[in-house]
Amino acid sequence: MPENKAEKDRQKSLKELVNALNEDLSREYQAIIAYTIYSNVLKGAKWMSIAAELKLHAAQELQHAMIIADQIDYLGGMPTNSPKPVKLSDKPEEMIRFDLDNETETIKNYRQRVKQAEAVGHYALADQLRKIISQEQEHQHDLATALGIDVPDVFCEGA
Ligand SMILES: [Fe+2]
Ligand SMILES: [Fe+2]
């Protein structure tokens, strides 16, 4: 088969995309674990409504993991079995802060992934990622509201 530079570059970009999606999948696993734990251990009347919210987040993160794993498989990759590490704390504010930081990191990464998916012409994936981003932004907003702060800016760093 003749070597074609454009096709070689595309294959390289696809491989990078699959590797990056596996990082995203690790973050989704991390989110599932964190929300499962935190929603159950948060104590105090002040935190009860956010605890119920976190249970909904856990279920949505599982849906995201399923979508990302499906897309990795579609692109010929093997979905990872490793979550990013989950921090523990006995302080409610800290747990919610960990979640918020993770959501912000996740959104930054997905914004980058939309660009990568479109660069290789994978528009269906880009579309799926956009839907996930809007849910992650809702998560981020719920957490920031519970902490009484503004939503962190994800539009910096060109992301
Ligand atoms: Fe997610
Ligand atoms: Fe999320």
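Please refer to the structure placed before this passage.
Caption draft 1: Inspection of the pattern of salt bridges at higher detail. Here the structure, examined in full by the defined rule, presents eight salt bridges. Ionic pairing is found between R113 and D24, a salt bridge with its closest N-O pair at 2.7 Å. A residue pair is termed long-range when its members are at least 10 positions apart, and R113 in helix 3 (residues 92-119) and D24 in helix 1 (residues 5-41) qualify at 89 residues. Across the pair, D24 and R113 agree in class, each one buried. The closest approach of N and O atoms between D127 and K131, which form a salt bridge, is 3.4 Å. Of the two residues, D127 and K131 are both situated in helix 4 (residues 123-147); the distance of four residues between them amounts to about one turn of the helix. For D127, a relative accessible area of 39% gives the class partly exposed. Residue K131 is classed as exposed on the basis of its relative accessible area, which comes to 52%. When salt bridges that share partners are traced, they join D24, R27 and R113 into one network.

Caption draft 2: Local environment of the side chain of H57. Within the secondary structure, H57 is located in helix 2 (residues 48-74). Given the relative accessible area of 1%, H57 is considered buried. Not counting chain neighbours up to four residues away, the residues in contact with H57 comprise Y35, H139 and D142.

Thresholds applied
- Residues numbered from 1 in each chain as written.
- Chains lettered and ligands numbered in written order.
- Predicted model: local features only at pLDDT ≥ 70, side-chain atom pairs only at ≥ 80, totals over all residues.
- Heavy atoms only, no water.
- Salt bridge = Lys/Arg side-chain N within 4 Å of Asp/Glu carboxyl O.
- Helix = DSSP H or I, 4+ residues; strand = E, 2+ residues; numbered from the N terminus.
- Buried < 20%, exposed > 50% of the residue type's maximum accessible area, 1.4 Å probe, protein only.
- Contact = heavy atoms within 4.5 Å.

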